[in-house]
Amino acid sequence: MDGKDSAFLKISTSGKNAVSGHLRIRYSNHKKNEGRVTGSYQGDTLFVTYRFRADKPANAVFTNPLPLLKKGDSLILGTGKIMKNPGRIYLEKKQGIDFKRCNSAFIVSTAMKDPLEKTAIRTII
């Protein structure tokens, strides 16, 4: 993602650490990804699985793990090496997660509105 892209993340918590919600990413080239996130907090990091539908190729469904570091009122999106085993996609733990390279953060707020959906969101800065 770059400064011309935008994303909206709406999550709710259940129990002590579990979360679920919706993430939509719109790229400056008019492509978009939209789907469901589920996961949980492990310490100060939220690990979610993002199951989404992409515009190209023709409404294909993908699943990616996403790490988000809670820092103050923000969730910082991290990057890492994605590994695939039959029936399972996960982040490679030996190489670690980089929270500086991605340069994307969601502001945690229930007061912000998604300009398209008119619902409470968390938005990217």
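What you are looking at is a predicted structure, and each value in this text was computed from that prediction instead of being measured.

### Re the overall build of the protein chain
In step 1: The helix and strand tally for the protein chain stands at zero helices and 10 strands.
In step 2: Counted from the first residue to the last, the protein chain has its helices and strands arranged as β-β-β-β-β-β-β-β-β-β.
In step 3: Counting the 125 residues in the protein chain, one finds 33% classified as buried.

### Looking at empty space enclosed by the protein
Once rolled over the atoms, a probe with the size of a water molecule shows which space is left empty.
In step 1: Following the criterion strictly, the structure yields one cavity of 30 Å³ or more and no others.
In step 2: Taken as a whole, the largest cavity spans an internal volume of roughly 50 Å³.
In step 3: Counting residues per element, the ones that place at least two in the lining of the largest cavity are β1 (6-14), β4 (45-54) and β5 (61-71).

### Examining the environment of Gly39
In step 1: Along the polypeptide, Gly39 turns up in strand β3 (residues 32-42).
In step 2: Look at Gly39 and you get partly exposed, because its relative accessible area is 22%.
In step 3: For the pair Gly39 and Pro67, spaced 28 residues apart in the sequence, the C-alpha separation amounts to 9.7 Å.

### Here's the deal with the pairing of strand β2 (residues 18-26)
In step 1: Summarising the sheet, β1 and β2 pair through nine bridges and their orientation is antiparallel. Each residue of the ladder has a partner; that of Lys10, found in β2, is His22.
In step 2: Bridge count for β2 against β3 is nine bridges, and the pairing is antiparallel. Following the sheet pairing, Arg26 is matched in β3 by Lys32.

### With respect to the pairing of strand β8 (residues 88-91)
In step 1: In this structure, strand β7 (residues 82-85) lies alongside β8, joined through four bridges in antiparallel fashion. Opposite Lys84, over in β8, you have Ile89 as the bridge partner.
In step 2: If you look at the hairpin formed by β7 and β8, you'll find two residues sitting between the two strands, and Gly87 has a positive phi there, around 80 degrees.

### Quick word on the side chain of Thr45
In step 1: Relative to the assigned elements, Thr45 resides in strand β4.
In step 2: The class of Thr45 is buried, set by a relative accessible area of 9%.
In step 3: Polar contacts involving the side chain of Thr45 include one to the side chain of Asp44, which spans 3.3 Å.
In step 4: Residues contacting Thr45, with those up to four places away along its chain left out, are Ser40, Pro67, Leu68, Leu69 and Phe99.

### Structural notes on the packing of aromatic side chains
In step 1: This model, assessed by the stated rule, comprises two aromatic pairs.
In step 2: Seen from their ring centres, Tyr50 and Phe52 are 4.5 Å apart, and the 20 degrees between their planes marks the pair as stacked. Per residue, the accessibility class of Tyr50 equals that of Phe52, and both read buried.

### Quick word on the confidence of the model for the protein chain
Atom-level detail of predicted coordinates should not be read off regions where pLDDT is low.
In step 1: The share of residues in the protein chain with pLDDT of 70 or more is 81%, and the mean pLDDT across the chain is 78.
In step 2: Element-level mean pLDDT values for the protein chain span from 43 in strand β10 (residues 122-124) up to 91 in β3.
In step 3: Across residues 114-125, where pLDDT falls below 50, the model places 45 contacts with residues more than four positions away in sequence or in other chains.

What counts as what
Residues numbered from 1 in each chain as written. Predicted model: local features only at pLDDT ≥ 70, side-chain atom pairs only at ≥ 80, totals over all residues. Heavy atoms only, no water. Helix = DSSP H or I, 4+ residues; strand = E, 2+ residues; numbered from the N terminus. Buried < 20%, exposed > 50% of the residue type's maximum accessible area, 1.4 Å probe, protein only. 1 Å grid on protein atoms, 1.4 Å probe; cavity = no way out; pocket = protein on both sides within 12 Å on 5 of 7 lines; lining within 4 Å. Points joined across faces, edges and corners; volume = space filled by probe spheres on them. Pairing = 2+ DSSP bridges. Polar contact = N/O pair within 3.5 Å; in protein donor to acceptor, adjacent residues only side chain to side chain. Contact = heavy atoms within 4.5 Å. Phe/Tyr/Trp six-rings, centres within 6.5 Å; stacked < 30°, edge-to-face > 60°. pLDDT = per-residue confidence, 0-100.

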